[in-house]
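Topology and contacts: notes
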Amino acid sequence: MPVVGVVLRKGYGLGAMAMVGGGFHVPEAMVAWPTGEVGGMGLEGAVRLGYRRELEAVEDPEERERLYSRLLAEAYERGKALAAATVFELDDVIDPADTRAWIGRTLPASVPADRPVRRRVDTW
């Protein structure tokens, strides 16, 4: 069964990857709305973990918070859907109004015409 992924808002970590079959490169296509964000984990936690040493090196709490805010803003810029699409994490960033039509065009193209029809059993 073909899978397509659409990130509407936030797609972080293993949860987002599991929702699309194991990774953003697994589905037939992976797109996002312009409001989408993607990353290996929530960006606040990623900044706190990834820049822990740099943040701990700043002794003044106010200066540390300014550094954290600047690093977090940079992470949000890198995590935006448009930025992720430029490094091939996403296939495209689409207009939300085009989502249904996009899925309708993508799914039939991914199923071979000679594919046998599988019967489904309703388990309810």
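Residues numbered from 1 in each chain as written. Predicted model: local features only at pLDDT ≥ 70, side-chain atom pairs only at ≥ 80, totals over all residues. Heavy atoms only, no water.

**Description of the packing of aromatic side chains**
The relative placement of two aromatic rings is captured by the distance of their centres and the angle of their planes. Rules: Classification of ring pairs rests on two measures: the distance between centres of Phe, Tyr or Trp rings, Trp counted by its six-membered ring, which must be within 6.5 Å, and the angle between planes, read as stacked under 30 degrees, edge-to-face over 60 and tilted in between. Look at NZ for Lys and CZ for Arg. If either is within 6 Å of the ring centre and within 35 degrees of the ring normal, a charge sits over the ring.
Scanning the model with the defined rule gives zero aromatic pairs in all. The ring of tyrosine 68 carries arginine 48 above its face, with NZ or CZ at 3.9 Å from the centroid.

**Considering helix H4 (residues 61-79)**
Along an α-helix, residues three or four apart share an orientation, since each turn contains 3.6 residues. For clarity, the cut-off: Strands are runs of DSSP state E lasting at least two residues, helices are runs of H or I lasting at least four, and both sets are numbered from the N terminus onward. One less than the number of residues in a helix, times 1.5 Å, gives the span that helix is expected to have. The buried label applies to any residue whose accessible area, calculated with a 1.4 Å probe on protein chains only, is under 20% of its type's maximum; exposed applies above 50%, and partly exposed to all values in between. When we speak of the arc, we mean the arc of directions from the helix axis to the C-beta atoms. In what follows, residue pairs with any heavy atoms lying within 4.5 Å of each other are defined as contacts.
Between its first and last C-alpha, H4 extends 26 Å over 19 residues, near the 27 Å set by a 1.5 Å rise per residue. Residues of H4 that are buried: Leu67, Tyr68, Leu71, Leu72, Ala75 and Gly79. Down the axis of H4, the buried set is contained in an arc of 135°. They therefore lie on one face. Of the surrounding elements, those touching the buried residues of H4 are strand E4 (37-39), helix H2 (43-50), helix H3 (52-57) and helix H5 (81-86).

**What to know about the side chain of glutamate 37**
As a reminder, the rule being used: Two N or O atoms form a polar contact when they lie within 3.5 Å of each other; inside protein one atom must be a possible hydrogen donor and the other a possible acceptor, and for residues adjacent in sequence the pair counts only when both atoms belong to side chains.
Residue placement: glutamate 37 occurs in strand E4. On the basis of relative accessibility, which here comes to 16%, the residue glutamate 37 falls in the buried class. Here the side chain of glutamate 37 touches lysine 10 through a polar contact of 3.2 Å, side chain to side chain.

**Brief notes about the confidence of the model for the protein chain**
As a note on interpretation, predicted positions should not be read in detail where pLDDT is low. Inclusion rule: Each residue carries a pLDDT score, the predictor's confidence in it, ranging from 0 to 100.
Within the protein chain, residue pLDDT values average 88, and 88% of them lie at 70 or more. Per-element mean pLDDT across the protein chain ranges from 86 in helix H6 (residues 99-110) up to 96 in H3.

**Looking at the pattern of salt bridges**
Where we set the bar: The salt bridge criterion pairs a side-chain nitrogen of Lys or Arg with a carboxyl oxygen of Asp or Glu, the two atoms within 4 Å.
Scanning all chains against the criterion turns up four salt bridges. The residue arginine 70 makes a salt bridge to glutamate 74 at a minimum N-O spacing of 2.9 Å. In this pair, arginine 70 and glutamate 74 are both assigned in helix H4, four residues apart and thus about one turn of the helix distant. On the accessibility criterion, glutamate 74 (32% relative accessible area) is partly exposed. Between lysine 80 and glutamate 77 there is a salt bridge, and its shortest N-O distance comes to 3.0 Å. The partly exposed category is assigned to glutamate 77, whose relative accessible area is 48%.

**Structural notes on the sheet that holds strand E1 (residues 4-7)**
For clarity, the cut-off: Strand pairing follows a simple DSSP-based rule, namely that at least 2 bridges must link the two strands.
Spatially, three strands are ordered E1-E3-E5 in an open sheet, and the strand pairing comes out parallel. Two strands close off the open sheet at either side, each with one partner strand: E1 and strand E5 (92-93). As judged from the four bridges shared by E1 and strand E3 (residues 29-32), these two strands associate in the parallel manner. Bridge pairing in E3 links glycine 5 to methionine 30.

**What to know about the nonpolar core**
As a reminder, the rule being used: What is meant by a nonpolar core is a set of buried Ala, Val, Leu, Ile, Met, Phe, Trp, Tyr and Cys residues, joined one to another through side-chain atoms within 4.5 Å.
By size, the foremost hydrophobic cluster in this structure holds eleven residues: Val7, Ala16, Val20, Phe24, Met30, Ala32, Val38, Ala81, Ala84, Leu90 and Val93. Mapped by element, the contributors of at least two residues to this core are E3 and H5. Those residues in contact with alanine 84 that lie beyond four places of it in its chain are Val38, Arg78, Glu89 and Leu90. By size, the runner-up hydrophobic cluster in this structure holds ten residues, among which are Leu43, Leu55, Leu67 and Ala75.

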